[in-house]
Amino acid sequence: MLRWPWPKVIAHRCGGALAPENTLAGLAIAARIGCRAVEFDVMLSRDGEPVLIHDETLDRCANSSGTVAALDGALLMATDVGERFHHAFAGETIPSLHAALRRCRELGLAANLEIKPAQGHDVETGRVVGRRLASLGVDERPALLLSSFSADALEAAVADVDDIPRGWLAGAFDAAALKTASRLGCASIHLALDGLEAAHVVAARAAGLEVLVYTVNRLTDARRLASWGVGGLFTDRPDLLLDTIR
């Protein structure tokens, strides 16, 4: 039986639906409502700065447009991504990876760092993330789990920080996903809620992998998954799950 040290409820993109995604405000709200773990996405700017953002463009989250990989880090980190969510968050900007890690440490939040490379930047993104993490002392980092849909990015990152556990992100459960997770030396496999079966969880755990599931926003789904023995639930609604799922 695996001994998984993480909390079961993991706030998706920092604060889920309660704050602008991938922001320091999201981290603060997650901690305030009692979360002990969060997930966020990291992508590189044109000049190689790792920043928290999910999409390859600014269009969905900001009142401006542009491609992340074509913009300098300083410009991205000055971009307001709060007002588009709600005027109460006006002025909330894209944070650097360093700022997010520091805030997680201050708030006592474990962090699943998803390496989210822009197209064609897999190895570079993984390498930069790994080197940035390696430059921090162990006591300067929060509890971390690295994950990615890109095997190249994950391999490049752990070349510098093989002490940090890693998880393989797969769209669906199959033998190939298990094989990739095993080859990468992963501690966990992260699977979509749709199509997931109890037998998949049993098979993954038998292969020595913990199962984390995304994105779980209904209490009925969360209870069912908990009864299957999953190790963690990524959710946009941590406020609905925290009091019930342990």
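Up top is the structure.
Every value quoted in this text rests on a predicted model; they were computed, and no experiment measured them. (Residues numbered from 1 in each chain as written. Predicted model: local features only at pLDDT ≥ 70, side-chain atom pairs only at ≥ 80, totals over all residues. Heavy atoms only, no water.)

Student: It is not clear to me how the overall build of the chain should be interpreted in this structure. Could you clarify?
Tutor: When its secondary structure is counted, the chain shows nine helices and nine strands. Taking the principal axes of the C-alpha coordinates as reference, the chain spans close to 45 × 35 × 35 Å. Long-range contacts, defined as pairs at least 24 residues apart, comprise 56% of the intrachain contacts of the chain with a sequence gap of at least 6. As displayed, the chain has an accessible area near 10700 Å², and 49% of this comes from carbon and sulfur atoms. Seen as two clouds, the 25 positive and the 31 negative side-chain charges of the chain have centres 6 Å apart. (Helix = DSSP H or I, 4+ residues; strand = E, 2+ residues; numbered from the N terminus. Contact = heavy atoms within 4.5 Å. Areas by Shrake-Rupley, 256 points an atom, 1.4 Å probe, with all protein chains shown as cover. Lys, Arg positive; Asp, Glu negative; His and termini not counted. Charge placed at Lys NZ, Arg CZ, Asp CG, Glu CD.)

Student: Please explain the nonpolar core as it appears in this structure.
Tutor: Burial of nonpolar side chains together is a common tendency in soluble globular proteins. Counting 56 residues, the largest nonpolar core has Phe40 and Trp168 as its most contacted members. One finds Ile53, Val81, Ile94 and Ala118 within the second-largest nonpolar core, a separate group that totals 12 residues. (Core = buried A, V, L, I, M, F, W, Y, C linked by side-chain atoms within 4.5 Å. Buried < 20%, exposed > 50% of the residue type's maximum accessible area, 1.4 Å probe, protein only.)

Student: Whenever I open this one, the environment of aspartate 122 confuses me. Can you help?
Tutor: Position of aspartate 122 among the secondary structure elements: in helix H4 (residues 122-134). Residue class for aspartate 122 comes out partly exposed when judged on its relative accessible area of 25%. The sequence separation of aspartate 122 and alanine 151 amounts to 29 residues, and the corresponding C-alpha distance is 8.4 Å. Apart from the residues lying within four places of it in its own chain, the contact partners of aspartate 122 are Pro117, Ser150, Asp152 and Ala153.

Student: How should I be thinking about the packing of aromatic side chains in this particular structure?
Tutor: The description of an aromatic ring pair rests on the distance of the ring centres and on the angle between the ring planes. Per the counting criterion, the structure on display carries two aromatic pairs. Here the aromatic rings of phenylalanine 149 and tyrosine 214 are separated by 6.4 Å at their centres, their planes lie at 90°, and the arrangement is edge-to-face. Of this pair, phenylalanine 149 sits in the loop between strand E5 (144-148) and helix H5 (151-158) while tyrosine 214 is found in strand E8 (residues 210-214), placing the two residues 65 residues apart along the sequence. For tyrosine 214, a relative accessible area of 19% corresponds to the buried category. (Phe/Tyr/Trp six-rings, centres within 6.5 Å; stacked < 30°, edge-to-face > 60°.)

Student: Where do I start with the pattern of salt bridges in this structure?
Tutor: Side-chain pairs of opposite charge can arise where the charged atoms are in close proximity. All chains considered together, the criterion is met by 15 salt bridges. In this structure, arginine 224 and aspartate 221 form a salt bridge, with 3.0 Å as the shortest nitrogen-oxygen distance. Placement of both arginine 224 and aspartate 221 in helix H8 (residues 219-228) is noted, with a separation of three residues, approximately one turn of the helix. Since its relative accessible area comes to 33%, arginine 224 is described here as partly exposed. Residue classification places aspartate 221 among the buried residues on the basis of a relative accessible area of 7%. Several salt bridges share partner residues, and in doing so they unite Arg13, Glu21, Asp41, Asp55 and Arg60 into one network. (Salt bridge = Lys/Arg side-chain N within 4 Å of Asp/Glu carboxyl O.)

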